[in-house]
Amino acid sequence: MVEKATLDGRTAIVTGASSGIGQETAHALADAGADVALAARRRERLETLADEVESETDAEALVVPTNVRNEDEVEELVETTVAEFGGLDLLVNNAGTAAGSEVASMATEEYRTMMEVNVDGMFFATRAALPHLRESGGTLIFVGSFAGKYPRPFNPVYAASKWWTRGFAQSVSAQVGDDDVGVTVVNPSEVRTEFGSEYGESFEERFDEGEVTEPEEIAEAIRYAAGQSPSMAAEIDLYRRDKFTMF
Ligand SMILES: NC(=O)c1ccc[n+]([C@@H]2O[C@H](COP(=O)([O-])OP(=O)(O)OC[C@H]3O[C@@H](n4cnc5c(N)ncnc54)[C@H](OP(=O)(O)O)[C@@H]3O)[C@@H](O)[C@H]2O)c1
C-alpha cells in the first residue's frame, strides 16, 4: 500500500488563499507538513487563515498580501517567501476570477480583469517561481477548469483564459521537465466557493451541499499532486458526477 506522501520540510505559495479552493489548499498542504505563504488581496482573511493553520498544525504560515495583476507584488511575494522559508518547493497558481459573459456586450474592463488575473497573474508567478523550483526540483500546480477543456456557451473569455492556463502549463512542463520540475493542472467543474459572486449569487449559495464539488476535494487533489515524485500528475479532472449528462 502506498502511504500519503508527506510534505514535511517543503515550502509552498498558494495564490488566491483568502477563500474557497486556495484557502482549503493551504489547510491541506499545512496538514501534510508544508509551510505555506498565503497570497491574495484581502489581508484580514489571510491573517485569520494563518492563525488557523498555525494553531492546527506544526506548519508556519506567512501572510503576503498580493494583487497578482501587479508583477512587482508577485515578484515580492516569491522573494519574501524564499527569504523567510529558505527556498520554494511548490507554487499553487490558483487565484482566478470571472466577470460578464456575453462577448457582444462585455465591458473592456471585465475582459481585462479576467485576462490580468487568470493569465498575467499566472505568468508573473510562474516566471518568478521557476528559478527556485528548478533549484528545489519542485512542483508547479495550476488551477484550470472544465471550461478550459470543453466549449460551452457561458463566458467565452473566462473559458479561453483557462484554455490558456492548460496550454501554458503543459508547454512549461515540456520546458522544465528535464530540470526535475513537475507540472500539474487541476480542472474542477462547479465548486461550492465564493466564485460566481460577481454574478450576484456565489456557487456556495447556488448549490446545496452534496450537489457539486467541495473545495476540500480540489485541495486534496492538489495535495496529492504536490506529493508526486519522481512521477507527476500531469492533469487531474474533478467533475460533478452528472457533468457529462448536461450536454
Ligand atoms: N468554483 C468553481 O466552480 C471553479 C471551477 C473551475 C475553476 N475554478 C478556479 O478555481 C480558482 C479558485 O477559485 P474559487 O472557486 O476558490 O473562487 P473564490 O472563492 O472566489 O476565490 C478566488 C480567489 O482568488 C483571489 N483573487 C482574485 N483576484 C485576485 C487578484 N487580483 N490578486 C490576488 N488574488 C486574487 C481571491 O482573493 P482576494 O479577493 O482576497 O484577492 C480569492 O482568494 C480560480 O482560478 C477559478 O477560476 C473555480
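The rules behind each value
Residues numbered from 1 in each chain as written. Predicted model: local features only at pLDDT ≥ 70, side-chain atom pairs only at ≥ 80, totals over all residues. Heavy atoms only, no water. Helix = DSSP H or I, 4+ residues; strand = E, 2+ residues; numbered from the N terminus. Rg over C-alpha atoms; globule rule 2.2 N^0.38 Å. Buried < 20%, exposed > 50% of the residue type's maximum accessible area, 1.4 Å probe, protein only. Near = heavy atom within 4 Å. Polar contact = N/O pair within 3.5 Å; in protein donor to acceptor, adjacent residues only side chain to side chain. Areas by Shrake-Rupley, 256 points an atom, 1.4 Å probe, with all protein chains shown as cover. Nonpolar A, V, L, I, M, F, W, Y, C, P; charged D, E, K, R; others polar. Pairing = 2+ DSSP bridges. Axes fitted to C-alpha atoms, helices over the stretch in contact; angles between N-to-C directions. Contact = heavy atoms within 4.5 Å. Core = buried A, V, L, I, M, F, W, Y, C linked by side-chain atoms within 4.5 Å.

Re the overall build of the chain
Okay, so step 1: Summing up its helical and strand segments, the chain has 7 helices and 7 strands in all.
Okay, so step 2: Secondary structure elements of the chain occur, N-terminal to C-terminal, as β-α-β-α-β-α-β-α-β-α-β-α-α-β.
Okay, so step 3: For 247 residues, the compact-globule estimate of 2.2 N^0.38 gives 18 Å, and the C-alpha radius of gyration of the chain, at 17 Å, lies within 12% of that figure.
Okay, so step 4: Scored against the burial criterion, the 247 residues of the chain give a buried share of 54%.

Description of the site of the ligand
Okay, so step 1: Taken together, 30 residues sit near the ligand, with S19, R41, N94, Y158 and T193 positioned nearest.
Okay, so step 2: Within the side chain of Y158, a nitrogen or oxygen atom sits 2.7 Å from an oxygen atom of the ligand.
Okay, so step 3: One of the backbone nitrogen or oxygen atoms of S189 is found 3.5 Å away from an oxygen atom of the ligand.
Okay, so step 4: Protein contact buries 95% of the 880 Å² of open area that the ligand shows by itself.
Okay, so step 5: Looking at the shell around the ligand, the elements that each hand over two or more residues are helix 1 (20–31) and helix 5 (156–176).
Okay, so step 6: Among the residues making up the shell around the ligand, the classes are represented as 12 nonpolar, 12 polar and 6 charged.

Things to note about the sheet that holds strand 2 (residues 35–39)
Okay, so step 1: Ordered by their spatial adjacency, 7 strands build an open sheet running 3-2-1-4-5-6-7, and the pairing between neighbours is parallel. The outermost strands of the open sheet, each flanked by one partner alone, are strand 3 (61–63) and strand 7 (235–238). The mean angle between the axes of side-by-side strands here comes to 15°, regardless of whether they run parallel or antiparallel.
Okay, so step 2: Bridge analysis of strand 1 (residues 11–15) against strand 4 (residues 90–93) gives 3 bridges, and the strand direction is parallel. The partner of A12 across the bridge, within strand 4, is L90.
Okay, so step 3: With respect to the sheet, helix 3 (residues 71–85) is in contact with strand 1, strand 2 and strand 3, its orientation differing from that of strand 1 by roughly 155°.

A word on the nonpolar core
Okay, so step 1: Ranked by internal contacts, the top residues of the largest apolar core, which has 32 residues, are L29, V36, L38 and I222.
Okay, so step 2: If one sorts the elements of this core by residue count, helix 7 (residues 215–226) sits on top with 5 residues.
Okay, so step 3: Leave out the neighbours within four places in its chain, and L29 touches L7, A12, V14, A34, V36, L90, V92, R223 and A226.
Okay, so step 4: Core analysis: the next-biggest nonpolar cluster, separate from the first, contains 31 residues, I13, L130, F142 and V183 among them.

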